[in-house]
Amino acid sequence: MMMVLFGPPGVGKGTQADLLSQKYNLVKFSMGDVLREEIALSSPVATELEKYLYRGMLAPDDIVLGLVENFLLEHRGTDILFDGFPRTINQAENLQKIVARLALLLNLALEMHLSEEDLIKRLVNRTYCPHCGRIYNYITNPPKTNGVCDVCGYTLEKRHDDDEKIIKKRLKVYEQRTRALTDFYKSQNIYDRIDANGSQKEIFKRISEIIDVHIDKR
Ligand code: AP5
Ligand code: MG
């Protein structure tokens, strides 16, 4: 199975991707994490990526698509969950081409929805572990010890782009560049909408029900 999880910044894609990848044994590809890793490792494209990520703009399609193609080549035969990819119609069309070339199939595209007010609330209160990637929230999902990762004991950090001005930019970019994926995937009959209001557990249950129906149909 191959599925895409998309939705605006802060809607809970990364949180749900972690839970779903464990439950359904999916290999997770979180594009934001992969790009931040390129920056952290000072890869040849790191300086260019910084310019986009730190301003809340989308990274260039050629970089993103190159990373996806390599990932798919390395993970043939495994079930895959994309978090935050694709984000433009061009990326979605190219994903279809890569998938067809590799004789694979994209089965589901799920879009998570939440009000802008709640998205901002979630993002300004987010903290994460730069070592293991675990996501926390000071209000809804705090670490056991303030500022310390429950899993690996590293010091938690705030993401560069979780500044209110950049958050607003990211939300705008979502509307301008990514929202069109709704109709794109509806027209392919693989789209479903997820209400992202509620606890992490409730949303996990909602998404799991959709995936289970899909698995039963196969
Ligand atoms: P990316 O890292 O993907 O950022 P994003 O899309 O802005 O989404 P976030 O990761 O901020 O939010 P999320 O939906 O994962 O929410 P989370 O689970 O953390 O991308 C970053 C940048 O990389 C982009 O801006 C762009 O520059 C670049 N990029 C990435 N993909 C690209 C692409 N395809 N093409 C080009 N450029 C690309 O949850 C948020 C908070 O809410 C956390 O604190 C969490 O604990 C909390 N929370 C989660 N669920 C709940 C709940 N149910 N109730 C209460 N709180 C909750
Ligand atoms: Mg994320």
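See above for the structure.
Residues numbered from 1 in each chain as written. Chains lettered and ligands numbered in written order. Predicted model: local features only at pLDDT ≥ 70, side-chain atom pairs only at ≥ 80, totals over all residues. Heavy atoms only, no water.

What to know about the pairing of strand β4 (residues 108–113)
Alright, step 1. The buried fraction of β4 is high, at 6 of 6 residues.
Alright, step 2. Here β4 shows no split at all, with Leu108, Leu110 and Met112 on one side and Ala109, Glu111 and His113 on the other all buried.
Alright, step 3. Bridge count between strand β1 (residues 2–6) and β4: 4 bridges; the pairing is parallel. The residue of β4 that forms the bridge with Phe6 is Glu111. (Buried < 20%, exposed > 50% of the residue type's maximum accessible area, 1.4 Å probe, protein only. Helix = DSSP H or I, 4+ residues; strand = E, 2+ residues; numbered from the N terminus. Pairing = 2+ DSSP bridges.)

Some thoughts on helix α6 (residues 116–124)
Alright, step 1. Of the residues making up α6, those classed as buried are Leu119, Ile120 and Leu123. Around the axis of α6, the buried residues are gathered within 95° of arc, so they sit on the same side.
Alright, step 2. Taken together, the buried residues of α6 touch β5 (126–128) and α7 (164–178). (Arc of directions from axis to C-beta. Contact = heavy atoms within 4.5 Å.)

A short note on the layout of surface pockets
Alright, step 1. What the second largest pocket holds in volume is close to 230 Å³.
Alright, step 2. If you go around the second largest pocket, the residues you meet are Thr15, Asp18, Leu19, Gln22, Arg134, Ile135, Tyr136, Asn141 and Gln200.
Alright, step 3. Within the residue set of the lining of the second largest pocket, elements represented by two or more residues are α1 (13–24) and β6 (135–137).
Alright, step 4. For the lining of the second largest pocket, the class distribution of residues is 3 nonpolar, 4 polar and 2 charged. (1 Å grid on protein atoms, 1.4 Å probe; cavity = no way out; pocket = protein on both sides within 12 Å on 5 of 7 lines; lining within 4 Å. Points joined across faces, edges and corners; volume = space filled by probe spheres on them. Nonpolar A, V, L, I, M, F, W, Y, C, P; charged D, E, K, R; others polar.)

Quick word on the site of ligand 1
Alright, step 1. In the vicinity of ligand 1, 35 residues are found, and the nearest of them are Thr15, Met57, Arg87, Arg126 and Arg170.
Alright, step 2. Protein contact buries 96% of the 1,000 Å² of open area that ligand 1 shows by itself.
Alright, step 3. Contributing elements (two or more residues each) for the shell around ligand 1: α1, α2 (31–40), α6, β6 and α9 (200–217).
Alright, step 4. For the shell around ligand 1, the class distribution of residues is 15 nonpolar, 12 polar and 8 charged. (Near = heavy atom within 4 Å. Areas by Shrake-Rupley, 256 points an atom, 1.4 Å probe, with all protein chains shown as cover.)

Looking at unusual backbone geometry
Alright, step 1. Going from Phe85 to Pro86, the amide bond is cis rather than trans, its omega being -5°.
Alright, step 2. Mapped onto the fold, Pro86 is located in the loop between β3 (80–83) and α5 (89–101).
Alright, step 3. Phi at Asn25 is positive, roughly 55°, even though this residue is not glycine.
Alright, step 4. The topology assignment puts Asn25 in the loop between α1 and β2 (27–30).
Alright, step 5. Taking the relative accessible area as the measure of exposure, Asn25 reaches 64% and is therefore exposed.
Alright, step 6. The backbone of Ser42 sits at a positive phi, close to 50°, despite the residue not being glycine.
Alright, step 7. When you line up the elements, Ser42 lands in the loop between α2 and α3 (46–53).
Alright, step 8. Take Ser42: its relative accessible area is 58%, and that puts it in the exposed class.

Spatial relationships are all this shows, so hold off on functional conclusions.
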